Amino acid sequence: SIDISAIKQLEERLRESEARFRALSDAAQEGILLHDGGIIFGANEAAQRMLGARREDLVLSSLLEVVSDRSTDEVRRRIAAFDPLPSLYLKRKDGFEFPAEVRSRKVPYRGRTLRVVLARDLSLEDQSKQLAIDNLELRQASLVDGLTGLGNRKLFEERFTKRVQEALNRGL
């Protein structure tokens, strides 16, 4: 006779463990993919948002489906060699490509070696950097005459106001 209660307890503990793991991975800001030889076995919510795909669309699909064509050869080589993936371009389900910082680690699982991949979308950082550069260039253009390269009245007023404030702060 088989003790069904022990099996049910084991199944319940497994469900609880899977729920804890999913809650932890879904709380992460980075996209997390679990793959075996390039076949995706798991994806957290951040990965789904980043890639514009549902978990069902990602699981059992090829990792290469979410990698930009310009990064495919490098990724194939590194998957075969179990090398860490570098920063590369990923591809959303709608075809939009974006730069990503990628880190990976081998993990043992049921006698096999799987790879956990963490990805962070760099496109927003790149956009922020470019916006800061554009703002700096615009500010510079607003303070200097484009033809002569000399400071304009606005630059004079800003420097004058700054010097007066410094003098007041020193008690002069």
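Residues numbered from 1 in each chain as written. Predicted model: local features only at pLDDT ≥ 70, side-chain atom pairs only at ≥ 80, totals over all residues. Heavy atoms only, no water.

(A) Quick peek at the overall build of the chain. Across its full length, the chain holds six helices and five strands. The linear arrangement of helices and strands in the chain, starting from the amino end, is α-β-β-α-α-α-β-β-β-α-α. Out of the 172 residues in the chain, the part that is buried amounts to 27%. Across the chain, every contact between residues at least 6 apart in sequence was considered, and the portion connecting residues at least 24 apart equals 33%. With an accessible surface of roughly 12400 Å², the chain has 56% of that area assigned to carbon and sulfur atoms. (Helix = DSSP H or I, 4+ residues; strand = E, 2+ residues; numbered from the N terminus. Buried < 20%, exposed > 50% of the residue type's maximum accessible area, 1.4 Å probe, protein only. Contact = heavy atoms within 4.5 Å. Areas by Shrake-Rupley, 256 points an atom, 1.4 Å probe, with all protein chains shown as cover.)

(B) Looking closely at helix H4 (residues 72–81). Those residues of H4 that sit buried are Thr 72, Val 75, Arg 78 and Ile 79. Down the axis of H4, the sector holding all buried residues measures 130°, keeping them to one side. H4 presents Asp 73 and Ala 80 as exposed residues on the side facing more than 90 degrees away from its buried surface. Looking at the packing, one finds that the buried side of H4 touches strand E1 (31–36) and strand E3 (88–91). (Arc of directions from axis to C-beta.)

(C) Main features of the environment of Leu 124. The topology assignment puts Leu 124 in helix H5 (residues 123–143). Considering only alpha carbons, one finds Leu 124 and Pro 99, 25 residues apart in sequence, at a separation of 9.5 Å.

(D) Molecular detail of the packing of aromatic side chains. Overall, the coordinates contain two aromatic pairs when judged by the stated rule. Residues Phe 96 and Phe 98 carry aromatic rings whose centres are separated by 6.4 Å and whose planes lie at 15° to one another, so their mutual orientation is stacked. (Phe/Tyr/Trp six-rings, centres within 6.5 Å; stacked < 30°, edge-to-face > 60°.)

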